[in-house]
Amino acid sequence: MSASAKKRIMREYGECMTEKPAGMKINFDEQNMTKWEVLMDGPDGSAYAGGHFKLEIVFPNEYPFKPPVVSFRTKIYHPNVSNDDKGSMCLGLLRPDEWKPPNKVVAVLRLIQSLMVEPNIDDAIEPSIGNEYKENRKEFEKNAKDWVKRYAK
Amino acid sequence: MSAESINIITIDFPDPDHTETIDDSFDRLASNESFEFPVQNIQTLSSKGVERGDDPYGLLYIPALQTDECRDAEKDYVPKNATRLDNLPHDVQYALIAVAPWFSSTCMKEYFATARNEPVKAFIVYQPDPESTATPPETNDKAWAMNDGGSWQYSNQFPTYAVPGASGYLIASQMSNYSGNISTVPHGDSLKQLYPETDYVRLWAKVAADSGTQLPSLWVFLVIVLGLLILIIGATSLCMHVVQRRRRNALRRRVINGEVDLEALGVKRLTVPADYLSELPVFPYLGESDHVEKSMAQASTTADAETSPKGLPLSRRSSAPDAPKSYASAMFAQSTCPICLDDFEPKESQVRELPCRHIFHIDCIDPFLLNNSSLCPICKQSVLPPGYCPSKITNVMVRRERLISRRRAQNAAGHTHSPGNIVARLPGAYDSFRARVGGTTGGRRIFSAPSRTQSRPADIEMSSGTPPVPRAGITAAATTAPEIVAVPQPTQQNGVEECPEPPSDQPQQRREWARQRALALLGNRHGPPGGEEEEQVRSRWRRGLNKIFPGFR
Ligand SMILES: [Zn+2]
Ligand SMILES: [Zn+2]
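The rules we used
Per-chain numbering applies: the sequence of each chain, read as written, is numbered from 1 onward. A letter from A marks each chain and a number from 1 marks each ligand, given out in the order of writing. Selection of residues for local features in this predicted model requires a pLDDT of at least 70, selection of side-chain atom pairs for listing and counting requires 80 or more, and totals for whole chains, interfaces and linings are taken over all residues. Note that water and hydrogens are dropped before the side-chain values are worked out from all heavy atoms of the structure. Counting from the N terminus, the helices are the DSSP runs of H or I reaching at least four residues and the strands are the DSSP runs of E reaching at least two. Residues count as neighbours in contact if any of their non-hydrogen atoms are within 4.5 Å of one another. For accessible areas, the Shrake-Rupley method is used with a probe of radius 1.4 Å. Any residue's cover is judged against the shown protein chains and nothing else. Relative accessibility thresholds used throughout: buried, under 20% of the residue-type maximum; exposed, over 50%; partly exposed, between the two (1.4 Å probe, protein chains only). For Na, K and Ca the donor cut-off is 3.2 Å, while for other metals it is 2.8 Å, and in both cases only N, O and S atoms qualify; water is not among them, so sites may look incomplete. UniProt positions are given in the numbering used here, feature names are shortened, and annotations may be inferred rather than shown by experiment. Criterion used throughout: strands pair if DSSP finds at least two bridges between them. Irregular is the label for any site that misses the other tests, which are tetrahedral for four donors with all angles between 85 and 135 degrees, and square planar for four donors or octahedral for six when opposite donors exceed 155 degrees and the remaining angles lie between 65 and 115. Axis angles are defined between N-to-C directions and span 0 to 180 degrees, where every axis is a line fitted to C-alpha atoms and, for a helix, only to the segment in contact. Two distance rules govern patches: like charges are joined within 9 Å, and nonpolar side chains (Val, Leu, Ile, Met, Phe, Trp, Tyr) within 5 Å, applied only to residues with over 30% relative accessible area and no salt bridge. By definition, a salt bridge exists where a carboxyl oxygen of Asp or Glu is found within 4 Å of a side-chain nitrogen of Lys or Arg. In summary, the charge assignment counts Lys and Arg as positive and Asp and Glu as negative, without counting His or the chain termini. Charge placement uses NZ in Lys and CZ in Arg. For Asp and Glu, CG and CD serve respectively. These descriptions rest on fixed angle ranges, namely under 35 degrees for roughly parallel, over 145 for roughly antiparallel, 65 to 115 for roughly perpendicular, and the rest for oblique. Put simply, Ala, Val, Leu, Ile, Met, Phe, Trp, Tyr, Cys and Pro go in the nonpolar bin, Asp, Glu, Lys and Arg in the charged bin, and everything else, Gly too, in the polar bin. Helices are assigned an expected span. That span is 1.5 Å times one less than the residue count. Pairing of aromatic rings covers Phe, Tyr and the six-membered ring of Trp, with a centre-to-centre limit of 6.5 Å; geometry is then stacked below 30 degrees between planes, edge-to-face above 60, and tilted otherwise. Counting as a charge over the ring demands two things of the Lys NZ or Arg CZ atom: a distance within 6 Å of the ring centre and an angle within 35 degrees of the ring normal.

1. Digging into the overall build of chain A
- Tallying secondary structure elements over chain A gives 4 helices and 5 strands in all.
- Starting at the N terminus, the α and β elements of chain A follow one another as α-β-β-β-β-β-α-α-α.
- The contacts of chain A with a sequence gap of at least 6 include a subset with a gap of at least 24, amounting to 53%.
- When the accessible area of chain A is evaluated, it comes to approximately 6,800 Å², of which 48% is carbon and sulfur surface.

2. A few points about the overall build of chain B
- Helix and strand content of chain B: 18 helices and 12 strands.
- Across the 553 residues that make up chain B, the buried fraction comes to 46%.
- Accessible surface, chain B: about 28,100 Å² in total, of which carbon and sulfur atoms supply 54%.

3. Quick notes on the coordination of the zinc ion (ligand 1)
All names here are of chain B.
- Protein coordination of the zinc ion (ligand 1) is provided by Cys337 (SG), Cys340 (SG), His361 (ND1) and Cys364 (SG), with donor distances spanning 2.0 to 2.4 Å.
- Counting gaps between the donor residues of the zinc ion (ligand 1) yields the pattern C-x2-C-x20-H-x2-C. With Cys337 in the loop between α10 (328–333) and β11 (350–353) and Cys364 in helix α11 (residues 362–371), this pair connects stretches of sequence that are 27 residues apart. We note that Cys337, like Cys364, is buried.

4. What about the UniProt feature "transmembrane region" (unreviewed entry) in chain B?
- What UniProt calls "transmembrane region" (unreviewed entry) maps, in this numbering, to residues 218–243 of chain B.
- In the segment residues 218–243 of chain B, helix accounts for 100% and strand for 0%; the C-alpha atoms at its two ends are 37 Å apart.

5. Describing the pairing of strand β2 (residues 35–41) of chain A
Residues and elements named next belong to chain A.
- Across the two faces of β2 the burial differs, with Trp36, Val38 and Met40 buried and Lys35, Glu37, Leu39 and Asp41 not buried at all.
- Note: strand β1 (residues 24–27) against β2, 4 bridges, orientation antiparallel. Opposite Met24, over in β2, you have Met40 as the bridge partner.
- Two strands pair when backbone bridges link them, and β2 and strand β3 (residues 52–58) are joined in this way by 7 bridges, in the antiparallel orientation. Each residue of the ladder has a partner; that of Trp36, found in β3, is Ile57.

6. Some words on the pairing of strand β9 (residues 200–209) of chain B
Residues and elements named next belong to chain B.
- Most of β9 sits inside the fold, with 8 of its 10 residues counted as buried.
- One ladder, built from 3 bridges, connects strand β5 (residues 57–61) with β9; its direction is antiparallel. When the bridges of β9 are listed, Leu59 appears paired with Trp204.

7. Considering the coordination of the zinc ion (ligand 2)
All names here are of chain B.
- Bound to the zinc ion (ligand 2) are the protein donor atoms Cys356 (SG), His358 (ND1), Cys376 (SG) and Cys379 (SG), situated 1.9 to 2.3 Å from the metal.
- In this structure, the zinc ion (ligand 2) is surrounded by 4 donor atoms whose angles at the metal cover 105 to 113 degrees, and the resulting shape is tetrahedral.
- Coordination of the zinc ion (ligand 2) draws on donor residues from a single chain, spaced C-x1-H-x17-C-x2-C in sequence. His358 matches Cys356 in its accessibility class, with the two residues each being buried.

8. Topic: the sheet that holds β11(B)
Residues and elements named next belong to chain B.
- Here 3 strands make up an open sheet; going across it, the order is β10-β11-β12 and the pairing antiparallel. The open sheet is flanked by β10 (282–284) and β12 (359–361), the only strands paired with a single partner. Between one strand axis and the next, the sheet turns through 40 degrees on average, direction left out of account.
- Relative to β12, β11 runs antiparallel, the two sharing 3 bridges. Bridge assignment links Arg352 to a residue of β12, and that residue is Phe360.
- In this fold α11 packs onto β10, β11 and β12, with an angle of close to 100 degrees to the strand it touches most, β12.

9. Topic: the sheet that holds strand β5 (residues 88–89) of chain A
Residues and elements named next belong to chain A.
- The 5 strands lie next to each other as β1-β2-β3-β4-β5, forming an open sheet whose pairing is antiparallel. Two strands in the sheet have a free side with no partner beyond their single neighbour: β1 and β5.
- Both strand β4 (residues 69–72) and β5 contribute to a ladder of 2 bridges, which runs antiparallel. Counted as the bridge partner of Val70 is Met89 from β5.
- Packing against the sheet, helix α1 (residues 3–19) makes contact with β1 and β2, and its axis sits at approximately 20 degrees to β2.

10. Overview of a positive patch on the surface
- Together, Lys142(A), Lys145(A), Lys149(A) and Lys153(A) line one region of the surface with positive charge.
- Exposure remark for Lys149(A): the relative accessible area of 60% places this residue in the exposed category.

11. Considering the packing of α1(A) against helix α2 (residues 105–117) of chain A
All names here are of chain A.
- In contact at an axis separation of 9 Å, α1 and α2 are set at 55 degrees when each is read in the N-to-C sense. One finds that α1 runs oblique with respect to α2. In this structure, α1 uses Glu12, Cys16 and Glu19 to contact α2, whose residues at the interface are Val105, Val106, Leu109 and Arg110.
- Here the contact of α1 with α2 is built from residues that sort into 4 nonpolar, no polar and 3 charged.

12. Re α2(A)
- With 13 residues, α2(A) extends 19 Å between its outermost C-alpha atoms, agreeing within 8% with the 18 Å of an ideal straight helix rising 1.5 Å per residue.
- The buried fraction of α2(A) amounts to 12 of the 13 residues, a majority that puts the element mostly inside the structure.

13. Things to note about the packing of aromatic side chains
Residue and element names in this part refer to chain A.
- All chains considered together, the criterion is met by 29 aromatic pairs over all chains.
- Judged by centre distance (4.1 Å) and plane angle (15 degrees), the ring pair of Tyr13 and Phe28 falls under stacked. Placement of Tyr13 in helix α1 and of Phe28 in the loop between β1 and β2 is noted, with a sequence separation of 15 residues between them. Considered together, Tyr13 and Phe28 belong to a single accessibility category, that of buried residues.
- Members of the aromatic cluster, connected to one another through ring pairs, are Tyr13, Phe28, Trp36, Phe59, Tyr63 and Trp99.
- Against the face of Tyr151 rests Lys75, its NZ or CZ located 6.0 Å from the ring centre.
- Directly above the ring of Tyr133 sits Arg137, whose terminal nitrogen or CZ lies 3.8 Å from the centroid.

14. Focus on the pattern of salt bridges
- Scanning the model with the defined rule gives 16 salt bridges over all chains in all.
- In this structure, the salt-bridge partner of Asp68(B) is Arg71(B), at a minimum N-O distance of 2.9 Å. Separated by 3 residues within a single helix, Asp68(B) and Arg71(B) lie in helix α1 (residues 68–74), roughly one turn from each other.
- Between Arg84(B) and Glu74(B) there is a salt bridge, with its nearest N and O atoms 2.9 Å apart. Highlighted residues: Arg84(B) in the loop between α1 and β6 (96–101) and Glu74(B) in helix α1, separated in sequence by 10 residues.
- What makes Arg84(B) partly exposed here is its relative accessible area of 22%.
- Via salt bridges that share partners, Lys7(A), Arg11(A) and Asp342(B) belong to a single interconnected network.

15. Some points on a nonpolar patch on the surface
All names here are of chain B.
- Taken together, the side chains of Leu218, Trp219, Phe221, Leu222 and Val225 present a nonpolar region at the surface, about 520 Å² in accessible area.
- Here Trp219 shows up in helix α6 (residues 215–256).
- Here Trp219 falls in the exposed class, since its relative accessible area comes to 54%.

16. Considerations on the environment of Phe360(B)
Residues and elements named next belong to chain B.
- Assignment of secondary structure puts Phe360 in strand β12.
- Sequence separation between Phe360 and Phe344 is 16 residues, and the spatial gap between their C-alpha atoms is 8.7 Å.
- If we ignore the near neighbours within four places in the chain, the residues touching Phe360 are Cys337, Pro338, Ile339, Phe344, Gln350, Val351, Arg352, Leu354, Ile365, Cys376, Pro377 and Ile378.

This is the structure:
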């Protein structure tokens, strides 16, 4: 990874610190700055409220020309998060062809937060959960809360 | 060529000394008053000098031996009066077939030596056992050992056939019957009525060679087949090379004429060559002047001043960096470098401006354009001029281009409804197609267009072009304003058909419009990582095959 990319990551971390997006904590290791660990609280009012989710943000070598890779380390019942041990997320600006270098991690974090409030059904990676969200919101919320209790406490 | 049978008959032919006209004609004697014998169970010891369709024939005779030892030994196997060369007309060279018993290898050498000096067409040997009627052993059997490493087979210019001992003795004894003048041969009295007394009556044989097991011609046949095959392959290969070359040239022409955009089609991810990059203007960042502030105020009224250069006055830049005013419009929009996120230092930072008027630190943008992409990282507009053609058009590119055009033609013909539906219905099929074409990840690819009902984080697009706004404003706006900007910016020069303006009222229609638009742009954004890489992944034989048959799939 180039020095300029490292510099940019450092800078973005600084920005995250000063802006302090609500309800999240970033563990940053200067030895391994391409892998961030983020602890995100389930947003109030969402089905995930009260849960604490661990996320991983990995910066590719080509950053900022390629998007960072986001994955949920805590299992989450969500249409846009793959329901496997990877917990990967790939939508919106995280998609390689939509990513632009001016985009920042802060934007990524906010995207994740907003998706927890309102999932993007059209881009569901788990279509069954997406359908449930659309057609049986009660059942969805029950399941999501159930998972929060089980995995995210 | 092995012999299938040897047919022995008795013939009468005139004495050349007593006739005016010498010809090769002879009379075959009637079978009831002469010796006729089809020899069976023949073993071919050597097929030297026998051509297809040229069966050896000739008068039977016993070749002379040179040494007394052999002549003595011969008496046990050959009747005394058997036909010798002396019993045939002297002045005419008749075709001969030699007959001899194989009783000792030394004497056999003498027989062969004699036969080699006489017009012998074939040699018939028989084993010394008079009771044997079975087919004699094969050539490499020790019965035929000459202790010369088989060289006799090569020095003889005639074929050699072995017949069973019983047949050999029968022939030899009959040869002793037919060696004298016409009155001494069997049925001589009646023959004398038919033929002059000076005529010769002798045994004559014709070997019927078997054309089936001709090993040498089998090889010839194989070689011919192989040669034809190579010729066909070569011709095909040549044709395909020529065709492929034509296709490459045609593609190059179309690219130069602007009919095809390699990057837009996803045929090839282009990078910017160094010499072209160095032509892009570089100048020191000037900071915000009064003029700039004025134009900023102006620009803020246009809705999407953000990433789109089209919102700005589109006066074309002059190429020299000594006209700073024309850059002002670009600079007001960007006070930070979108790649490193550092602020530009007025009059200090050297920035490079791309044709879309976006500016970057030289150090930040140059490596990216040289190695990764030819698209502006912000607006994804191509840095290369329309009609730019990479110096090397590869066969892989030709193939991809054809595949994509074909696919597009099919889609246009088969599915008149929106391509968005296709994707929605057949994500798998479309995936595999894209994976093949673009080498992209086979991940989920259902392209959703943002709808008005959906909230998007405002920060997504804020960083690049927006005039520096107090941060707080953005944080506040985090989950509010739905945005149009998340729709990929159209790249007008990419040859993608311009979408009509969104039908603003009905949300359903709008969504469909956005979907189509996004889909139309889908191909644009993702050039394959590079044709050569894919080429390397292919197995070696596949690559070899492609070398020989370019354009073969
Ligand atoms: Zn920079
Ligand atoms: Zn641009």
